[in-house]
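A look at the structure
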Amino acid sequence: LEVVLATHNAHKVAEFQRILGERMPQLRVLAYDGPEPVEDGTSFAANALIKARAAAEHTGRIALADDSGIAVDVMGGSPGIFSARWAGHGAGDEANRTLLLAQLADVRRPNRAASFHCTIALVVPAALADTGEPVEIVVDGTWPGQVAYEPRGSHGFGYDPVFEPEGHEITAAELLPEQKNAISHRARAFEALIPELERVAAT
Ligand code: ITT
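Keep in mind it's a predicted model, so treat the numbers as computed, not measured.

Rules and cut-offs
- Residues numbered from 1 in each chain as written.
- Predicted model: local features only at pLDDT ≥ 70, side-chain atom pairs only at ≥ 80, totals over all residues.
- Heavy atoms only, no water.
- Helix = DSSP H or I, 4+ residues; strand = E, 2+ residues; numbered from the N terminus.
- Expected span 1.5 Å × (residues − 1).
- Contact = heavy atoms within 4.5 Å.
- Buried < 20%, exposed > 50% of the residue type's maximum accessible area, 1.4 Å probe, protein only.
- Lys, Arg positive; Asp, Glu negative; His and termini not counted.
- Salt bridge = Lys/Arg side-chain N within 4 Å of Asp/Glu carboxyl O.
- Core = buried A, V, L, I, M, F, W, Y, C linked by side-chain atoms within 4.5 Å.
- Near = heavy atom within 4 Å.
- Polar contact = N/O pair within 3.5 Å; in protein donor to acceptor, adjacent residues only side chain to side chain.
- Nonpolar A, V, L, I, M, F, W, Y, C, P; charged D, E, K, R; others polar.

Overview of helix α2 (residues 44-59)
The end-to-end C-alpha distance of α2 is 23 Å, a good match for the 22 Å that 16 residues give at a rise of 1.5 Å each. Elements in contact with the buried residues of α2: β1 (2-6), α1 (10-23), β2 (28-32), β3 (62-72), β4 (113-124) and β5 (135-147).

Some words on the side chain of Arg97
Residue placement: Arg97 occurs in helix α3 (residues 93-103). Despite its burial, Arg97 pairs with no opposite charge, the nearest such side chain being Asp93 at 4.8 Å.

Describing the pattern of salt bridges
In this structure the tally under the stated criterion is 16 salt bridges. The partner of Arg61 in a salt bridge is Glu2, and the shortest N-O contact between them spans 2.6 Å. Taken as a pair, Arg61 in the loop between α2 and β3 and Glu2 in strand β1 lie far apart in primary sequence, 59 residues in all. Judged by relative accessible area, Arg61 falls into the partly exposed class, the value being 33%.

Describing the nonpolar core
The biggest cluster of nonpolar side chains holds 24 residues, and the ones touching the most others in it are Phe16, Leu20, Leu64, Ile120, Leu122, Leu193 and Leu197. In terms of residues, this core owes the most to one element, helix α5 (residues 185-202), which gives six residues. The contacts of Phe16, once residues within four sequence positions are left out, are Leu5, Gly21, Val29, Leu64, Asp66, Ile120, Arg186 and Phe190. Within the second largest apolar cluster, 15 residues are counted, among which are Leu101, Ala114, Tyr159 and Ala172.

A look at the site of the ligand
Near the ligand lie 20 residues; those nearest to it are Thr7, His8, Lys51, Asp160 and Lys180. In this structure, Asn9 approaches the ligand through a side-chain N or O atom, which is 3.0 Å from an oxygen atom. Elements represented by at least two residues in the shell around the ligand include exactly β3 and α5. Residue contributions to the shell around the ligand peak at four residues, all from β3. The class makeup of the residues in the shell around the ligand is four nonpolar, eight polar and eight charged.

Written out as structure tokens, the structure reads:
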């Protein structure tokens, strides 16, 4: 089974390849970085579907896309779907983290509660679906925790250095990649995705 993963984020390709490949040896994840659709959805699910649909249409292959981010409770769920560009388009991960810490400068625990969210869309183009209709499936994973007072750790990417997962006194960037990959929001979304992929592989 070959699927294309619609993303421009090399970290995501690596995580998908490693985690899905381990669980489904017959699966090959191909990076797709064709024309980028406008991500103008108002939810993680809407944006994941926009990206997966575009890749499925463009390649005629089964497509996956991930939309993810961090939601801070006291900020009403922001940065949320705007996580990748919280400090502006192209500002980068470090600028995003610095801005978030500045916005929470006066907020003490336990009010720094936050969660990572990962939504994955799976789109089977009509031509490959046994019903003759496109198949669209969306799964989610959530990883609760809190925002740290200062960045720590050198693994991972994005908001990992400023996110302390529940049950840990260290940040996600202080976890080894294999530890993070076993328990993260993305790992939780993969748990829900694998049975769906197996169903698709069987048809
Ligand atoms: P694509 O849309 O091309 O897949 P992207 O990085 O722009 O790549 P998103 O729009 O889904 O992806 O933005 C997700 C952002 O949320 C990402 O840039 C990180 O800042 C953050 N994020 C998502 N998963 C994360 C994780 O596991 N660890 C740390 N930060 C994460």
